[in-house]
Structure formats: structure tokens, C-alpha cells
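Here is how the chains run, residue by residue.
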Amino acid sequence: MKIRLLTKEDLPQRVEWMNNSAVYKTMHFTPPISLEKTLEWHTKNQNNASRCDVAFEDDNGHLVAMGGLTNIDYSVRKAEFYIFVNPARQREGIGSKATYLLCKYGFDVLQLHKIYLYTNATNQGARKTYEKIGFTLEGTHRSEMVCNEVYEDRLYYGLLSNELDKDCFPLDFSGWNGIILDKRVIAGRDITLVRDDSYPNGGGVKARKSAYYERHMRTEGYNACVTTGGIQSNHNRAIALMCAKNGWRCHIVYHGSGQRFEAEKGNALLVRKSGATYEFVEASQIGPAMDSAMNRLAAEGLKPMYIHGGGHDLPGGIALVESVRKLKEKCDAQGYRPDYIFHASGTGSTQAGIAVGLDLVGWSDVKLIGISVARQKERGTQVIEDFANLLAEHYGIDKDYRGCIDFNTDYLCGGYEQFTPEMAEFLDNVMKSTGLVFDTTYSGKALYGMCDYINKNDIHAKVMFWHTGGLMNLMK
């Protein structure tokens, strides 16, 4: 069974199922449900960060169930669960598997701490399913509902992330373990997107990198790490949650205001709730502070790993090289080959990894353009070239990347986290027309730069945009 996001094409089937008494008699809504209103509901909620509505397909690609997580509260990392199965295929065990997959998605991808739900006391089949998955009955709302003119109790169930058997069976979220491709019209251009914004463990390319750090730390026997980044660093969030998942110690050296860190949400909030420890220093003191933290952890008998900011180490670079291998396989299957790839370029490990990956898969002629989100051209280019050469040596590629990196600094807007009103308006319009979420710090700055670049240079080739994430930066 596969879980994927609900689409407009699913809505006629959704309406048909919801108007079936086998569904609505146990759900908290009153028929009839119209397609027109459902279309309005879907359009209204496409950019709603407080809910995630999904569909389930069997191995033959047939829709078998729909559900979602609503009232998502990231301040406490909880959400309300709902699900309903195709009325013609009930009692086939679909509900149990779909419930498990949606809970696993909530915990592994959305990084929730708790999932809760309500069900009628007389709905014995649903109660058995929920209890089998691991839900605990936490309370009873007496005479809360009226069903067939009879009052019924409404039951409240809850499931914590550590109570779900994560190894029951694997999560297949539209190819989440590899590459998700999406085609959209953006600013009048046909753009193919790599949707790393939908990657598990919080989303974004930093979550992709964290999976490789996790593998490396396990292999080498590390049980702690020290890293660094800015107040709203996606890297810090991904590493902190990865460590929390494994019960490892994580210490973060921040450059920025501690007062701002404690006040903001987004990535900062998730780090605060992850159990990581942290400190705040001036940029010039990051190195000494990280060295000191490494020594403290070692003195406690731990084996800490030193992780450079932004994932600028071999595991972080390898994550992107290997993702290009998966991208090539996906594109070959679809008969597609890009002429240009654009992406947000920060510390440089992402651009270096993609550059080496392109050479490794025989796509050396694909034009890779990194849009800088902070660094000036000379320094940024040098860092990317050096890291690409390190990765090339690791993979046995005989190539010097000096002079081969296109690091575009035309859209800095003054530096990190800086943007113009024109850029913000452009991204708002893109979100309204596509349902895609972009922030003004990373992916949005790069998207704006890409669209301006291809218009100025009158490019009509096949363009790909690597969406590296950034949702949490919109929620600060």
C-alpha cells in the first residue's frame, strides 16, 4: 500500500464515499456532501500548514482509503487523526494498514510527538483497529453524539511516537526514500521539481543529509555530536531530531541571539523540544566553542562526532551524490533529461554533491546553477570547488572542479534572510497558483532567482528546480 497527498482528481471518489452510509454513520459530518463544496475545501486548504490530507493506493494503483492529520499544532507536535475506507472494500484489513502508515508518516515525516482521535463508543471495529496499532483510550465524552436518535459516548484515543512499532512494515510515501518529481507551471514556464521539501524527518535537503549522518554515526559507533548554524538553521533541526530519534546527545553552537532563539518557532522551536543542548557565541568563537563541547562530551565517556554547519562533511556530500543517482534512474524511467538544474546554495555541500553526482551519472553537460542565499561569489565558489574536489577524490573521479562551478550571487538582496518586497509578492503568487510552499531565505530566494535568470537569458530548454525545503522558515 502507498500513501500520497490528496489531489484534486481524488475528490469525486471522496465525495462518493463520504455520502455512503457505511462511512458517514461513524464520522462527524452530515450528508449530503457536494463536489462543489469539496473542491472549494480542497483549494482553501492546499496551503494550510495545520493539516495534511492523504490518499491510499493498493499495489494496483486503486484508491482504497483516504484520511489525514488535522489541527496540527507544531508548538506541542500533535495532530488529530481521521480515516475512512472505500465502502466496497471494508473488512479487508485496509483500515489497519492505512492507519499504521498514516501514523508512521506523522511521526517520521512530520515529526509529531502525539496523534489523537475521536470515535464513537459503539464503533467496535474501529476501536479494535486503533488499539491494535497502539492507541490508548484516554477519556470518554459522555453522551457527546446522537446516532439514530440515541445518545452515544465519544471516546478519545492517543498514541505517542515511541508507542508505534516503527518496523511493522515500511512507509512508501510516493517514493519518499528516493526522489519525488513534480511538474508545475511556474511564472509561465514548465518546471520539473525535485521535491526534497517532502522528504521525511522534517523535510528538506538537510533531512536527506541527516539520514546519511545517522548511518555514518551508527557505523562508526558515535553516540553524540556537536554542530553549528544560525537561529533558524534547517541543518540544526534535522541533526537534533535525528539524534533524538536515536537517543544520542546533541550539542549545537549557535551564532545569533539567544533571546531570538527562545522567542521564535519553526526550526528553533523543534530544536528546543528535541532535547538538544545549545549555546550562543559570536561568529568568531564558533570553532573554539565546538572544540570545547567535543572535549566535554568526551570527558563524559561519550564518542562525539564533529559535524560542520550545513552538513559540509563527506556524509552530507555523499547524500547529494547518491540522490543524483536516484534522480537519473527516475528521469530515465520517465524519458526525461534536464538541460538546467537550479537550487538554493548555502554552505556549498549541496551544490558540490550535485555537481559530482552529475559527472558520475554521465550528465556532465547538464548546467547546474546554484543561487547563493548568503555568501559572496569569491568565497562561496571557492568553498564549493574545494568540497567538490574532496568528493571527486572519494569517488575516484579524475577532475578538478576549479572553474567549473556556477555560483550565482545576483539575488542576495543584502545577505542571509534578506529579501525584497518584489520577491515576497512573487512567492506568494506562486504558492497561490501551485500550492507549493517557498520561504524567502532558501528555496524561495532560489526560485525567484531562477525565474528571473531564465527570463533574462531567454532560456527555453528543460529546466529543473531542486526544492531544498524551507517550510519551517515560514513558521518562525
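Everything here concerns the structure above.
Just so it is clear, the structure is predicted and the values come from calculations on it, not from any experiment.

The rules behind each value
- Residues numbered from 1 in each chain as written.
- Predicted model: local features only at pLDDT ≥ 70, side-chain atom pairs only at ≥ 80, totals over all residues.
- Heavy atoms only, no water.
- Pairing = 2+ DSSP bridges.
- Helix = DSSP H or I, 4+ residues; strand = E, 2+ residues; numbered from the N terminus.
- Axes fitted to C-alpha atoms, helices over the stretch in contact; angles between N-to-C directions.
- Phe/Tyr/Trp six-rings, centres within 6.5 Å; stacked < 30°, edge-to-face > 60°.
- Lys NZ or Arg CZ within 6 Å of the ring centre and 35° of its normal.
- Core = buried A, V, L, I, M, F, W, Y, C linked by side-chain atoms within 4.5 Å.
- Buried < 20%, exposed > 50% of the residue type's maximum accessible area, 1.4 Å probe, protein only.
- Contact = heavy atoms within 4.5 Å.
- Parallel < 35°, antiparallel > 145°, perpendicular 65-115°, else oblique.
- Left-handed = near helix turned anticlockwise from the far one by under 90°.
- Nonpolar A, V, L, I, M, F, W, Y, C, P; charged D, E, K, R; others polar.
- Polar contact = N/O pair within 3.5 Å; in protein donor to acceptor, adjacent residues only side chain to side chain.
- Lys, Arg positive; Asp, Glu negative; His and termini not counted.
- Salt bridge = Lys/Arg side-chain N within 4 Å of Asp/Glu carboxyl O.
- Right-handed = clockwise from strand over helix to strand, strands pointing away.

### Concerning the sheet that holds strand β11 (residues 249–255)
1) Next: The sheet built from four strands is open, its strands ordered β12-β11-β10-β13 with parallel pairing. The sheet is open, and its two edges are formed by β12 (277–281) and β13 (304–306), each paired on a single side. Pairs of neighbouring strands in the sheet enclose a mean axial angle of 20°, with direction left out of account.

### Description of the packing of aromatic side chains
1) Next: Per the counting criterion, the structure on display carries 21 aromatic pairs.
2) Next: Positioned above the aromatic ring of Tyr336 is the side chain of Lys183, whose terminal nitrogen or guanidinium carbon lies 4.3 Å from the ring centre.
3) Next: Stacked on the ring of Tyr212, the Lys or Arg Arg215 has its end atom at 4.7 Å from the ring centre.

### A closer look at the nonpolar core
1) Next: If you look at the biggest cluster of nonpolar residues, it comprises 39 residues, and the most contacted ones within it are Phe56, Leu69, Phe81 and Phe135.
2) Next: Where this core is concerned, the elements lending two or more residues are β2 (52–57), β3 (63–73), β4 (78–85), α4 (94–108), β5 (114–120), α5 (124–133) and β7 (150–160).
3) Next: No other element matches α4, which puts eight residues into this core.
4) Next: Non-local contacts of Phe81, meaning those with residues more than four positions away in its chain, are made with Gly68, Leu69, Thr99, Leu102, Cys103, Ile115, Tyr116, Leu117 and Tyr130.
5) Next: Among the nonpolar cores identified, the runner-up in size contains 35 residues, and Val366, Ile384, Phe387 and Ile405 belong to it.

### Here we look at the packing of α4 against α5
1) Next: Orientation of α4 relative to α5, taken along the N-to-C sense of each, is 45°, at an axis distance of 10 Å. Comparing their axes, α5 and α4 come out oblique. Considering how the two elements wind past one another, α4 and α5 form a crossing that is right-handed. Residues Gly95, Ser96, Thr99 and Tyr100 of α4 form the contact with α5, whose participating residues are Thr129, Tyr130, Lys132 and Ile133.
2) Next: For the contact of α4 with α5, the per-class residue count stands at three nonpolar, four polar and one charged.

### Focus: the environment of Ser345
1) Next: Counting through the fold element by element, Ser345 comes out in strand β14 (residues 340–345).
2) Next: In this structure Ser345 comes out as buried when scored by relative accessible area, which is 2%.
3) Next: Here the alpha-carbon distance between Ser345 and Ile371, two residues 26 residues apart in the chain, equals 5.4 Å.
4) Next: When neighbours within four sequence positions are excluded, Ser345 is seen to be in contact with Gln351, Gly370, Ile371, Ser372, Val373, Ile384 and Phe407.
5) Next: There is a polar contact of 2.8 Å between the side chain of Ser345 and the side chain of Gln351.

### Thoughts on the side chain of Arg14
1) Next: Mapped onto the elements of the fold, Arg14 is located in helix α1 (residues 11–18).
2) Next: Although Arg14 is buried, it makes no salt bridge; Asp53 carries the closest opposite charge, 4.5 Å away.
3) Next: A distance of 2.9 Å separates polar atoms of two side chains, one belonging to Arg14 and the other to Tyr82.

### Quick notes on the pairing of strand β15 (residues 367–372)
1) Next: A large share of β15 lies buried, amounting to five of its six residues.
2) Next: In the sheet, β14 pairs with β15 via six bridges, with the strands oriented parallel. Counterpart to Ile341 in the pairing with β15 is Leu368.
3) Next: Crossover connection from β15 via helix α13 (residues 377–395) to parallel strand β16 (residues 406–408): handedness right-handed.

### Considerations on unusual backbone geometry
1) Next: The backbone of Asn71 shows a phi angle near 50°, a positive value even though the residue is not glycine.
2) Next: Structurally, the position occupied by Asn71 is in strand β3.
3) Next: Even without being glycine, Asp458 reaches a positive phi, approximately 50°.
4) Next: Mapped onto the secondary structure, Asp458 falls in the loop between α15 (443–456) and β17 (463–467).

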